[in-house]
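Inside the fold
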Amino acid sequence: MTLEVVLRLAGITKTFGDLVANSGIDLTLHKGEVIALLGENGAGKTTLMNILFGHYVADAGTVEAFGAPLPQGNPRAALEAGIGMVHQHFTLAENLTVAENISLGTSSLWSGRLRLGQSKKRIRQLAEDFGLLVDVDAKVGNLTVGEKQRVEILKALYRDARILILDEPTAVLTPQETDALFETLHKAVAMGLSIVFISHKLHEVMAIADRCLVLRHGALVGEVETKNTSREALAEMMVGNKVEPPEVAPIQVGATLLELRHVSTPDMGTAPGLQDVSLSLKAGQITGLAGVSGNGQAALSDLICGLGLPEQGQLVLDETVQNRWNPRDAVQSGIARIPEDRHHTGTIADFDLSENAILETYQKPPMSKRGWMNWSQAKAFTESIIATYDVRCPGASTKIRLLSGGNMQKLILGRVLEGNPKIILANQPVRGLDIGAITYVHNQLLAARASGAAILLISEDLDEILRLSDVIHVISEGKLSPEFPRGTKTPAELGLWMAGQGFEGEDNCAA
Amino acid sequence: MMEIFDILLSASFWAAAVRIASPLIFATIGEIICERAGVLNLGIEGIMVVGAFAGWMAVYQGAPLWFGVSVAMCAGMLFGLIHATLTVPFGLSQHVVGLGVTLLATSSSYFTYRLILPKVPSPPKIEPFQPIEIPILSDIPLIGEALFHQTAMTYGAFLLAIIVAIVLYRTPLGLAVRSVGENPAAADAQGLSVTGLRMGAVMVGSGFMAVGGSFLTLSAFDTFLFEMVNGRGWICIALVVFGAWQPGKAVLGALLYAAFDAFQIRLQQTSIGSDIPYQVFLMMPYVLSILALIIMSRRAEIPAALMIPFRKGER
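Please read all numbers here as calculations on a predicted model, not as lab measurements. (Residues numbered from 1 in each chain as written. Chains lettered and ligands numbered in written order. Predicted model: local features only at pLDDT ≥ 70, side-chain atom pairs only at ≥ 80, totals over all residues. Heavy atoms only, no water.)

Observations regarding the overall build of chain A
Looking only at helices and strands, one finds 17 helices and 23 strands in chain A. Its C-alpha atoms give chain A a radius of gyration of 25 Å, within 12% of the compact-globule value 24 Å for 511 residues. Expressed along its principal axes, the backbone C-alpha trace of chain A runs to roughly 70 × 55 × 50 Å. In chain A, which comprises 511 residues, the share counted as buried stands at 53%. Considering only contacts in chain A between residues 6 or more positions apart, those separated by 24 or more positions represent 67%. (Helix = DSSP H or I, 4+ residues; strand = E, 2+ residues; numbered from the N terminus. Rg over C-alpha atoms; globule rule 2.2 N^0.38 Å. Buried < 20%, exposed > 50% of the residue type's maximum accessible area, 1.4 Å probe, protein only. Contact = heavy atoms within 4.5 Å.)

Here it is in structure tokens:
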């Protein structure tokens, strides 16, 4: 390619304490080009982009934009040089409107008036040019995730960004929204913008990028033209060895262990509750629940976890209708809970591994007797989890907040699976984990399925749902789709259900 | 019952309500500025004491009244700077720092008072602001005397509320201040200085709190007494919530609270008052404040980043 170089990073190195996040990374980006930055979690992708955008200062190395050196540690300089970043965690103020969020910081603080009228006109024009439809007067807090992302992109375009950095942009989108995003990116490239696309979803990278850069443990391990490579080759480069997707063996489906009959629950803040949901979890079967987050998944998982009884309808366990239902009942009925937010509800950050490992069993023998804790028993139990589940840690008395997400999740898996649970609620079990840990968690779930557990897998990642689930339901605005057996629906068809289509006139109680 | 109507129909009752509301409006507006930028300023009570003392002492030493107000403003901003330095760049607990600033500000005011005036038998007096009648408007019955026969500082309080509302909602500066209170990461990503905006907001807000304090010594009364702020700062914290962090609603809240206060003083002097212990009357404005808070603040939108320190480069 003989095109103009718009961005050049040279020898970027950054360490956090003992951790080398980036070591000697070189990168060039040409005008009108899309490059993908690939790597597992913790490979250093986000750190690199945060250095480029001025959130961090590199220990060594230089950044050059449009031929001029870029001072580091200064987001304003990056913005002025024409670099726009769409963060993985949106940087939007929820209580402000779309127009306010976009125009924030674009005029001098000391100018007397906020010219929102002019801003709105310009935003509407940009939205039309790039196909980013959004209501400029809406409060950002009321927008869907897809719309928020459009606002983030508009924010960059409004400041005349010539280089767009997108950090895991598709992690929160439905397949249709992803297609729309790609269309916008194609338009942007046609207008001469350059794009850095950060992801670990290989098929998307293959679809959008001209060139791929692969990071592993903070170092650049490969750079290939997309047309000269394959998904398998990229995956191998990312992980460093061959990746085997888990084998899903055919299985004998057993009795119904947990059943919801026409259940409705109240709304939870802005997230809808369940509306007339019927669902049955059978032994030896993984039931996948697909859907965009905030569509009732929280209500369903809270219900099964024992955080509330349904407002209407029945919760049936082993063919007995439950009238009393709280978290302890749930645990004692053999429900294993892998919570959505392992930091917030799954563990207590400043407790050590032993204390966290016995959170569900501390009140009964052998962990305690006649009101006294049996710490040696707790420690032995924890050490057996550490050994069996390969938790990488200094020891059982380490505070759990010092563990990586993957190791924390392994401890949680050990905690719930050691009791041979009959029912497993796995809510986003691999969110934020790298490929190695994901494969491990998936294999553990499949092993539990083989030993006869009924598993409900809640995930926003359609690939994960499609790979593991024996039957799939889609949840949208608190309503549940019919049951789709493995292989009967394509991702695009499920995407339509996720967007709320197909629920009208359907009998949405699963047989 | 007739006595109650007599109170409600007397111009002096409404004039008193507006007068009692004035210092609350200054301080509440100041607190709104701090909280909109994401900093809870519990230094308010002490900063009001400092304002009351510094403004009064400047005038007692011979300065003009408006100069006294400026001195109060500067003293407030100084304590605001202490608060902001500890809570914004250092990111310390806003509760602890706020209470610390209140204790420091209160006791250093009393200490300085005793240093300068070691042996005064009774607190010395100054010549305070006098009411100004606005021509024509002050002739309107009832409303005229209540609203347009007040001191310049009272007019200033209402003017300030209007100006702050305009700045917050109609200028880029106001948008920037609100954004650091909602999501500092968003402001940072747009190239704004979160530290600068928050420190500036806390200092200016603290300045207005001190002006509210100086109203007590330079306009409502003519001398400085220990304990004269008497919890007004804490009332203002509640008024911010009552006003849902909006200057206009906060002014209404201050007027409502002041009306209850003025009403209970007058009710004590009626025949009803002779049968009931006076403490019950003193309690009234607080009880009604709590009730009003319960009703009003349920749908309020709290600045999302209130009390959350911002550290660059952290998630």
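Alright, that's what it looks like, and here's the rest.
A closer look at the packing of aromatic side chains
Scanning all chains against the criterion turns up 16 aromatic pairs over all chains. An aromatic cluster is built from B:Phe53, B:Trp56, B:Tyr60, B:Tyr110, B:Tyr113, B:Phe224 and B:Phe226, whose rings are joined through pairwise contacts. Just above the ring of A:Tyr158 sits the side chain of A:Arg122; from NZ or CZ to the centre is 4.7 Å. A cation sits over an aromatic face here: A:Lys410 above A:Tyr440, 5.2 Å from the ring centre. (Phe/Tyr/Trp six-rings, centres within 6.5 Å; stacked < 30°, edge-to-face > 60°. Lys NZ or Arg CZ within 6 Å of the ring centre and 35° of its normal.)

Description of the domain arrangement of chain A
Residue and element names in this part refer to chain A. The assigned domain composition of chain A is domain 1 (5-239) and domain 2 (256-334 + 421-503). Of note, the centres of domain 1 and domain 2, computed from C-alpha atoms alone, are 33 Å apart. Each partner contributes to the interface: domain 1 provides 10 residues, whereas domain 2 provides 14 residues. A buried area of about 930 Å², summed over both sides, lies between domain 1 and domain 2, and 59% of it is on carbon and sulfur atoms. Linking domain 1 to domain 2 there are 0 salt bridges. If you look at where domain 1 meets domain 2, you find 1 residue pair in polar contact (both at pLDDT 80 or more). (Domains from an automatic or database assignment. Buried area = accessible area lost by both parts, 1.4 Å probe. Salt bridge = Lys/Arg side-chain N within 4 Å of Asp/Glu carboxyl O. Polar contact = N/O pair within 3.5 Å; in protein donor to acceptor, adjacent residues only side chain to side chain.)

Digging into the packing of helix 2 (residues 11-36) of chain B against helix 12 (residues 247-268) of chain B
Residue and element names in this part refer to chain B. It is the contact of helix 2 with helix 12, at a shortest axis distance of 7 Å, that shows an interaxial angle of 140°. Classified by the angle between their axes, helix 2 and helix 12 sit oblique to one another. Note that helix 2 runs across helix 12; the crossing there is right-handed. From helix 2, Ser12, Phe13, Ala16, Ala17, Val18, Ile20, Ala21, Leu24, Ile25, Thr28, Ile29 and Ile32 reach across to helix 12, where they touch Pro247, Ala250, Val251, Ala254, Leu255, Tyr257, Ala258, Ala259, Asp261, Ala262, Phe263 and Arg266. Looking at side-chain class alone, the contact of helix 2 with helix 12 contains 20 nonpolar, 2 polar and 2 charged residues. (Axes fitted to C-alpha atoms, helices over the stretch in contact; angles between N-to-C directions. Parallel < 35°, antiparallel > 145°, perpendicular 65-115°, else oblique. Left-handed = near helix turned anticlockwise from the far one by under 90°. Nonpolar A, V, L, I, M, F, W, Y, C, P; charged D, E, K, R; others polar.)

Details of a nonpolar patch on the surface
Residues and elements named next belong to chain B. A cluster of nonpolar residues, Met1, Met2, Phe5, Leu8, Leu9, Trp14, Leu137, Ile140, Leu142, Ile143 and Leu147, forms a patch on the protein surface that exposes about 1000 Å² of accessible area. Every element with two or more residues in the nonpolar patch is listed here: helix 1 (2-9) and helix 6 (143-148). In this structure, Leu9 sits in helix 1. (Patch = residues over 30% accessible without salt bridge, like charges linked within 9 Å, V, L, I, M, F, W, Y side chains within 5 Å. Areas by Shrake-Rupley, 256 points an atom, 1.4 Å probe, with all protein chains shown as cover.)

Describing the interface of chain A and chain B
At the junction of the two partners, chain A supplies 35 residues and chain B supplies 25 residues. Carbon and sulfur atoms make up 60% of the surface buried where chain A meets chain B, a total of about 2400 Å² over both sides. Three residues stand out in chain A for area buried against chain B, namely A:Leu104, A:Leu109 and A:Leu114, and they jointly supply 26% of the buried area on that side. The interface formed by chain A and chain B includes 1 salt bridge.

A few points about the pairing of strand 14 (residues 312-317) of chain A
Residues and elements named next belong to chain A. The sheet contact formed by strand 11 (residues 256-264) and strand 14 spans 5 bridges and is antiparallel. Counted as the bridge partner of Leu260 is Leu315 from strand 14. Bridge count between strand 14 and strand 15 (residues 320-321): 2 bridges; the pairing is antiparallel. The partner of Val316 across the bridge, within strand 15, is Val321. Adjacent in sequence and paired antiparallel, strand 14 and strand 15 are bridged by 2 residues, among which Asp318 carries a positive phi angle near 50°. (Pairing = 2+ DSSP bridges.)

Section: the pairing of strand 4 (residues 60-65) of chain A
Residue and element names in this part refer to chain A. Across 5 bridges, strand 1 (residues 5-16) lies against strand 4 in antiparallel orientation. Bridge pairing in strand 4 places Thr13 opposite Ala60. Inspection of the sheet shows strand 4 paired to strand 5 (residues 68-69) by 2 bridges, in the antiparallel sense. Its bridge partner being in strand 5, Ala65 is matched across the sheet by Ala68. Where strand 4 folds back on strand 5, the antiparallel hairpin that results is connected by 2 residues, among which Phe66 adopts a positive phi of roughly 50°.

Digging into the sheet that holds strand 3 (residues 34-38) of chain A
Two orientations exist for strands paired in a sheet by backbone hydrogen bonds: parallel and antiparallel. All names here are of chain A. In spatial order, the strands read 6-7-8-3-9-10; together these 6 strands make up an open sheet with mixed pairing. Two strands in the sheet have a free side with no partner beyond their single neighbour: strand 6 (83-86) and strand 10 (219-225). Ignoring which end each strand starts from, the neighbouring axes of this sheet average 20° apart. The pairing of strand 7 (residues 163-167) with strand 8 (residues 194-199) spans 5 bridges and is classified as parallel. Its bridge partner lying in strand 8, Leu164 is registered against Ile195. The strands touched by helix 6 (residues 175-190) within the sheet are strand 3, strand 7 and strand 8, with strand 8 carrying the most contacts at an inclination of about 150°. Here helix 8 (residues 231-239) sits on the sheet in contact with strand 3, strand 9 (211-216) and strand 10, set at roughly 30° to strand 9.

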